[in-house]
Every structure is written in C-alpha cells, then in structure tokens.
Amino acid sequence: VQLVESGGGLVQAGGSLRLSCAASGSTFSINPMGWYRQAPGKQRDLVAAITSGGESTNYADSVKARFTISRDNAKNTMYLQMNSLRTEDTAVYYCSAGLWYYSGIYSPLKWGRGTQVTVSS
C-alpha cells in the first residue's frame, strides 16, 4: 500500500485543519491505520489510530477531545480532523498502515512522506 498525506498548512492557534491520507492498493480496508507526528528534535509519536472497520480508535492524551480520526474504506482514505489547535501541535504529520493487537496497541508498518502542520500563536 502507498500512502499520501495532504491537508497540512499554516493555521492560527484555536483553528482547525483536516488531514487526509489517500492509500493505493486493494488491501486498504483490511489495514489498521494511524497518524503520527514528529516535531523538530523530537521522536515520532502516535497521535491516533483506527481499526480496519473503524470500530475502535485510540488517541494520545494530548489530543483527546480535540482530534478525531476516521476512515472511508470506499474511498481508500483516512482522515484526521484537528480542532482547537495549539502551537505545540506543530509538527510533520505522518500517515501509517500497520497492525492492531488485541491489547489495543497499534504498530505501524508502512509510512507516508508526511505533511507539515504549523500552528501560529
């Protein structure tokens, strides 16, 4: 599966953005997916993940109640709706496809190239 992110950009604090991840390949609907982000000088961290059918999700504590992950398997696309953005949300956001364990832990296997999100004060 090939993954391509879009929707990043510059937004003021308190604003919203919606990221999209378009996937190629017929196996999209069977892959759990996730969004990660990496700020300069920091490690790449999980933002949110979603199971193959969208029935389960998990979020980093820092984005709960602000971000929403979703997917449309008919369109081979995953989304990340980001509301109430903060300056600390500034990072490169990466789409991933991976595995979902029974424990609820998501593990990425493939990555997109990322899209920059910059939140100004």
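Rules and cut-offs
Residues numbered from 1 in each chain as written. Predicted model: local features only at pLDDT ≥ 70, side-chain atom pairs only at ≥ 80, totals over all residues. Heavy atoms only, no water. Phe/Tyr/Trp six-rings, centres within 6.5 Å; stacked < 30°, edge-to-face > 60°. Helix = DSSP H or I, 4+ residues; strand = E, 2+ residues; numbered from the N terminus. Buried < 20%, exposed > 50% of the residue type's maximum accessible area, 1.4 Å probe, protein only. Disulfide = S-S within 2.5 Å. Patch = residues over 30% accessible without salt bridge, like charges linked within 9 Å, V, L, I, M, F, W, Y side chains within 5 Å. Areas by Shrake-Rupley, 256 points an atom, 1.4 Å probe, with all protein chains shown as cover. Salt bridge = Lys/Arg side-chain N within 4 Å of Asp/Glu carboxyl O.

Colleague: Could you give an account of the packing of aromatic side chains, naming the residues involved and the relevant values?
Modeller: For any pair of aromatic rings, the description rests on two quantities: the centre-to-centre distance and the angle between the ring planes. Applying the stated criterion across every chain, the model contains three aromatic pairs. Arranged with centres 4.9 Å apart and planes meeting at 75°, the rings of Tyr36 and Trp111 form a pair that is edge-to-face. Of this pair, Tyr36 sits in strand β4 (residues 33-38) while Trp111 sits in strand β10 (residues 106-111), and the two are 75 residues apart along the sequence. Residue Tyr36 is classed as buried on the basis of its relative accessible area, which comes to 9%. The exposure class assigned to Trp111 is partly exposed, which follows from its relative accessible area of 35%.

Colleague: Please provide a residue-by-residue account of the state of the cysteines, values included.
Modeller: All chains considered together, the criterion is met by one disulfide. Linked covalently through their sulfurs, Cys21 and Cys95 form a disulfide whose S-S length is 1.9 Å. Taking the torsion about the S-S bond as the criterion, the Cys21 to Cys95 disulfide, at about -65°, is left-handed. One end of the pair, Cys21, is in strand β3 (residues 17-24); the other, Cys95, is in strand β9 (residues 91-100), with 74 residues separating them in the sequence. With relative accessibility at 0%, the residue Cys21 sits in the buried group.

Colleague: Which residues make up a nonpolar patch on the surface, and what values do they have?
Modeller: Residues Leu99, Tyr101, Ile105 and Leu109 make up a contiguous nonpolar surface patch of roughly 400 Å² in combined accessible area. Tracing the sequence through the fold places Tyr101 in the loop between β9 and β10.

Colleague: How would you sum up the pattern of salt bridges? Please name residues and give values.
Modeller: Scanning the entire structure with this criterion turns up three salt bridges. Here Lys64 and Asp61 are joined by a salt bridge, their closest N and O atoms 3.1 Å apart. What makes Lys64 partly exposed here is its relative accessible area of 46%. As a salt-bridge pair, Arg66 and Asp89 come within 2.8 Å of each other at their nearest N and O atoms. Residue Arg66 is located in the loop between β6 (57-59) and β7 (67-72), and its partner Asp89 is located in the loop between β8 (77-82) and β9; the two are separated by 23 residues in the primary sequence. The pair Arg66 / Asp89 is uniform in exposure class, with both members buried. Here the residues in one salt-bridge network are Arg37, Arg66 and Asp89, joined through shared partners.

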